[in-house]
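Structural overview
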Amino acid sequence: MADELAIDLRNVSKRYGRKVHALRGVGMRVRRGEVFGLLGPNGAGKSTLVKILMTVIRPTSCEGAVLGMPVGHKGTLAKVGYLPEHHRFPDYLTGAQVVDHFGALCGVPRAERRRRGDELLDLVGLRAGGWEKRRVREYSKGMRQRVGIAQALINDPDLVLLDEPTDGVDPVGRRDIRNILIEQRRKGRTIFLNSHLLSELEMVCDRVAIMVQGQVHSEGTLEELTAPDRRYEIEVDVSPSMENHERIISAVRAVAWAPGPSEMSNGGAGPPVRQGALRGDVSARLVGLTFVAETISAEAIQPVIDQLREAGLAIGAVRPVRPSLEDLFIRAVTDPNTGRALAPGAAMPGTARTGDHR
Amino acid sequence: MRLALTQSWAMLVDSYRELNARKMFWITLVISLLVAGALACLGINDKGLTFLWYQVPIQDLAFVNTSQVEPGAFYKFLFLSFGFSIWLTWAATILALVSTASIIPDFVSSGSVELTLSKPIGRLRLFVTKYVTALLYSALQTAVFTTAAFMVIGLRGGSWEFGLFWAVPLVTLFFSFLFCVMALVGMLTRSAVTSVLVTGVVWFMIFALHLTELALLSSKIVHQVAVEEQASQIVRTDNEILKIEGELSGVAARPVGTPAAGETTADDDKADGGEGMGEGGGERPAPAAKKPTQPWAGMSELATTEQQRRDRLANLRSERERLTGQQAETRETLTNLTKYHALFFGVKTILPKTAETMGLLERRLFSGQEFERLRENQAEAGRSGRTTINGTRVSMAKVSKRQEEQLRSRSVGWILGTSMAFQAAVLGLACLLFVRKDF
């Protein structure tokens, strides 16, 4: 099992003085060959965690391994590529020199550096127009990100950690970077992505973890993480009125409903909501004229559709709904009691739900 | 091993590229060559100093001619006094400090340090390698200037001084004593401006301490020489007193008519033991006032001569007493100066010795005799004078020579060893901070 893991962390914590507790016993597993996304709000501890893996920050406590070696083992870093957030390359170097310099620091032989450097600069699109021979100070933000990715790959790494790789990059550049990452996964490399751009992560990540207040809130594949919130929605095509709302309730009463009055949502301004349940203990509700069933089973909603048709109600749409990564993220970073975003790095004991959805 | 070499070489190449990108590096280099060129324009002939084809009409410098100084020694002295001591160790060093001030702050700045720390290099080796490669600035500057000086001394002075290349490690070491402070401050504050300012203050303090120590040493030697001079004056006075006393004893042994020897001696002894040693010793009633009981022919002259001797003896005793008092005062001052000098010397021992480090180059280039000859030439030109300590005149040439001997007697081990120990301590602290810091 350990050989299958590129990163295997347990009980990683980091304190700055007595007050700031940046990481609180983080545990995380990243499998070899997958693209793993780490997301979380500002101050959640994502960059601190990555810096601990790259020996930039010393942890207060840490158990686990990177590529099978203990965290902090310098030799292992020869097989790890890294692009930090807000990186600053020496601006007196050209793009090609940046790639060559960091390759040399990884101990890559000169001939290999030249060959791979050319390939990588070509891959990130810097050889077009001879940009690789120009100094980094002349580069745009997007070009700096590209050269950063090239230097992260110069040592032919088994594991690549990219901290906000698409930061400041235009949509075309983001697509290019996404394609590069997919290509690297195809080559068997493990990619660890740290990003705010949830849609980007959603497109390339095999698994994700959400960090909140120095702890892992949830971790898993997108399927696993969204399963509890996946649902079917049946939209009845009638004019919105309380009378039609009650008609729908009457129509499905035989298969789905429990007695009880509807409640007006959103303080009376929103549509009426009636809670209920389907057979098999599937929770359901009618929100205005839309029937919502908390299930991923199409079979479970067939009796509802049948009843609606029998009652002569026209069905406008039947759609499976899966929450986006953004939905998961927002839910993770929102205090359920107040509905407000949680403050960074201020978790109270017991509020975080490490590995809830594993 | 191959990995370490590849990494170290990469950092060296990176440092060179960094220097190459700094305008100040090239400006300093050009000024270095101009300074060497300007010094090459100076020359000497049998009449004195020349500038290109013109004789310099300054009489004070007339002693600088080929009959007094070899052209090779002249150029060595010229480059040492102006090229190395003023240009390289002052002006070029200030430019180098300003130019390299941002190396460590840039290296440890956010966004930059993460990239290097994430590579398979230990932090200690990373910092030390960066530090050493940053000294490349000074090494390259000195190498270029030294090569130019070597060529000028060889071509114009006819002396190929390979010892001149000792300047490269010595000036680099000199620079490193200051750069280590800058590295520590840069590591702590990540500010190039603060690094330069603090290093400037430290350098000034080291220099002020050096000057104070030199002044105390000089003063100490002046007083030592004064004590010696006073001692020799006392010995001379004693000898003269003994001589006169002997002569007076001879007069006392004369036959009849002369005062009884015992009586005279008793009087003299009384005078010696009492008033004779005091301030008013010379004013006491002269024993010669006693009249002989039987004034024989010729006794009058004899009595006059004896009286003069007695007067002279009294004066000499008075003089001896004065000298002894002055010597005691000088000794007391010397004791205090020795104490203060030892204190400053002790403090200086734990600090880098920038001036003495550059002085080592002088030792390499000039033998003691050569240096002495140059000094004598200067003395002949009337540059050395005399000073008076407690009424004793002391030759400054003698003081200067003895001071030079003392400075030259300070071992290379003491100068470089203690300075490098200071550097090791400061650099060690900077390394410790770098190794333990979270970036």
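Each value, and the rule that gives it
- Residues numbered from 1 in each chain as written.
- Chains lettered and ligands numbered in written order.
- Predicted model: local features only at pLDDT ≥ 70, side-chain atom pairs only at ≥ 80, totals over all residues.
- Heavy atoms only, no water.
- Helix = DSSP H or I, 4+ residues; strand = E, 2+ residues; numbered from the N terminus.
- Contact = heavy atoms within 4.5 Å.
- Areas by Shrake-Rupley, 256 points an atom, 1.4 Å probe, with all protein chains shown as cover.
- Lys, Arg positive; Asp, Glu negative; His and termini not counted.
- Charge placed at Lys NZ, Arg CZ, Asp CG, Glu CD.
- Buried < 20%, exposed > 50% of the residue type's maximum accessible area, 1.4 Å probe, protein only.
- Pairing = 2+ DSSP bridges.
- Axes fitted to C-alpha atoms, helices over the stretch in contact; angles between N-to-C directions.
- pLDDT = per-residue confidence, 0-100.
- Patch = residues over 30% accessible without salt bridge, like charges linked within 9 Å, V, L, I, M, F, W, Y side chains within 5 Å.
- Salt bridge = Lys/Arg side-chain N within 4 Å of Asp/Glu carboxyl O.
- Expected span 1.5 Å × (residues − 1).
- Phe/Tyr/Trp six-rings, centres within 6.5 Å; stacked < 30°, edge-to-face > 60°.
- Buried area = accessible area lost by both parts, 1.4 Å probe.
- Polar contact = N/O pair within 3.5 Å; in protein donor to acceptor, adjacent residues only side chain to side chain.
- Nonpolar A, V, L, I, M, F, W, Y, C, P; charged D, E, K, R; others polar.
- Parallel < 35°, antiparallel > 145°, perpendicular 65-115°, else oblique.
- Left-handed = near helix turned anticlockwise from the far one by under 90°.

For chain A, the count of helices and strands is 10 helices and 16 strands. For the C-alpha atoms alone, the extent of chain A along its principal axes is close to 80 × 50 × 40 Å. Residue pairs in contact within chain A that sit at least 24 positions apart in sequence constitute 68% of those at least 6 positions apart. Within the structure as shown, chain A displays about 16300 Å² of accessible surface, and the carbon and sulfur contribution to it stands at 49%. Of the charged side chains in chain A, 50 are positive and 44 negative; the average position of the first set lies 8 Å away from that of the second.

Attention shifts here to the overall build of chain B. Scanning chain B for helices and strands turns up 15 helices and 5 strands. Expressed as a percentage of its 439 residues, the buried residues of chain B come to 45%. Once local pairs closer than 6 in sequence are excluded, the contacts in chain B between residues at least 24 apart make up 80%. Counting every atom, chain B has about 21100 Å² of accessible surface; 64% of that belongs to carbon and sulfur.

What follows is about the sheet that holds strand β3 (residues 54–55) of chain B. Residues and elements named next belong to chain B. Taken in spatial order, the 3 strands make up an open sheet running β1-β2-β3, and their pairing is antiparallel. For this open sheet the edge positions go to β1 (42–45) and β3, each flanked by a neighbour on one side alone. Bridge count between strand β2 (residues 48–51) and β3: 2 bridges; the pairing is antiparallel. Across the sheet, the residue bridging to Phe-51 is Tyr-54, located in β3. On the sheet, helix α2 (residues 23–41) packs against β1 and β2 and is oriented at approximately 20° with respect to β1. The strands touched by helix α3 (residues 71–100) within the sheet are β1 and β2, with β1 carrying the most contacts at an inclination of about 150°.

Residues and elements named next belong to chain A. As summarised here, the arrangement of the 4 strands in space is β2-β1-β4-β5, forming an open sheet in which the pairing is antiparallel. Single-partner strands in this sheet number two, and they are β2 (20–31) and β5 (69–70). Looking at chain direction, strand β1 (residues 5–16) and β2 are connected through 8 bridges and run antiparallel. Across the sheet, the residue bridging to Asp-8 is Arg-29, located in β2.

With that settled, consider the confidence of the model for chain B. Residues and elements named next belong to chain B. On average, chain B scores 84 in pLDDT, and the residues at 70 or more come to 85%. Per-element mean pLDDT across chain B ranges from 41 in helix α10 (residues 261–273) up to 96 in helix α15 (residues 412–436). Note on residues 255–292: pLDDT under 50 across the span, and 45 contacts to partners over four residues away in sequence or across chains. Confidence metrics for the complex model read pTM 0.78 and ipTM 0.81.

To continue, consider helix α2 (residues 95–105) of chain A. Here α2(A) lies mainly inside the structure; 8 of its 11 residues are buried. Looking at the buried residues of α2(A), the elements they touch are α3 (110–123) and α4 (141–153) of chain A together with α1 (2–20) and α5 (113–117) of chain B. After α2(A) finishes, the residue A:Gly107 shows a positive phi value of roughly 85°.

Residues and elements named next belong to chain A. Side-chain alternation along strand β14 (residues 282–287) places Val-282, Ala-284 and Leu-286 on a buried face and Ser-283, Arg-285 and Val-287 on a face that remains uncovered. Pairing analysis gives 6 bridges linking strand β13 (residues 272–278) to β14, with the strands arranged antiparallel. Along β14, the bridge assignment pairs Ala-277 with Ser-283. Taken together, β13 and the strand that follows it, β14, pair antiparallel across an intervening segment of 3 residues, in which Gly-280 is found at a positive phi of about 85°. As defined by bridge partners, β14 adjoins strand β15 (residues 290–293) across 4 bridges and the pair is classed as antiparallel. Each bridged residue has a counterpart across the sheet, and for Val-287 the counterpart in β15 is Thr-290. Between β14 and β15, which pair antiparallel in sequence order, lie 2 residues; one of them, Gly-288, sits at a positive phi of approximately 65°.

Residues and elements named next belong to chain B. A surface patch of nonpolar side chains, amounting to about 540 Å² of accessible area, comprises Phe-51, Leu-52, Trp-53 and Tyr-54. Within the element layout of this structure, Trp-53 appears in the loop between β2 and β3. Judged by relative accessible area, Trp-53 falls into the exposed class, the value being 75%.

We now examine helix α6 (residues 123–134) of chain B. With 12 residues, α6(B) should reach 16 Å at 1.5 Å per residue; the first-to-last C-alpha distance of 16 Å fits that figure. The set of residues buried in α6(B) consists of B:Arg123, B:Leu126, B:Phe127, B:Thr129, B:Lys130, B:Tyr131, B:Thr133 and B:Ala134.

Before going further, it helps to examine the packing of aromatic side chains. Residues and elements named next belong to chain B. Per the counting criterion, the structure on display carries 20 aromatic pairs over all chains. Note on Phe-84 and Phe-145: the rings are 5.4 Å apart at their centroids and 80° apart in plane angle, and the pair reads as edge-to-face. Of this pair, Phe-84 sits in helix α3 while Phe-145 sits in helix α7 (residues 136–157), placing them 61 residues apart in sequence. Where Phe-150 meets Phe-162, the ring centres are 5.0 Å apart and the plane angle is 50°; that geometry is what we call tilted.

This model, assessed by the stated rule, comprises 44 salt bridges over all chains. Linking A:Glu63 and A:Arg10 is a salt bridge whose minimum nitrogen-to-oxygen distance equals 3.9 Å. Of the two residues, A:Glu63 sits in strand β4 (residues 61–66) while A:Arg10 sits in strand β1, which places them 53 residues apart along the sequence. The partner of B:Lys348 in a salt bridge is B:Glu213, and the shortest N-O contact between them spans 2.9 Å. Placement of the pair is B:Lys348 in helix α11 (residues 299–350) and B:Glu213 in helix α9 (residues 192–252), with a sequence separation of 135 residues. The exposure class assigned to B:Glu213 is buried, which follows from its relative accessible area of 0%.

This brings us to the interface of chain B and chain A. Contact residues are listed per partner, giving 30 residues for chain B and 31 residues for chain A. Both faces considered, chain B and chain A share a buried interface measuring about 2700 Å² in area, 56% of it formed by carbon and sulfur atoms. At the junction of chain B and chain A, the tally comes to 2 salt bridges. The salt bridge partner of B:Glu114 is A:Lys51, with a shortest N-O separation of 3.5 Å. Our enumeration of links across chain B and chain A arrives at 14 residue pairs in polar contact (both at pLDDT 80 or more). Among the secondary structure elements, those contributing two or more residues to the side of chain B that touches chain A are α1, α5 and α15 of chain B. Sort the elements by how many residues they give to the side of chain B that touches chain A and α1(B) lands first, with 9 residues. When its residues are assigned to classes, the side of chain B that touches chain A shows 10 nonpolar, 9 polar and 11 charged.

All names here are of chain B. For the pair α6 and α15, the least separation of the axes is 9 Å and the interaxial angle reads 130°. In terms of their interaxial angle, α6 and α15 are classed as oblique. The crossing of α6 and α15 is right-handed. For the pair α6 and α15, contact is made by Arg-123, Leu-124, Leu-126, Phe-127, Val-128 and Tyr-131 and by Gln-423, Leu-427, Ala-430, Cys-431, Phe-434, Val-435 and Arg-436, respectively.

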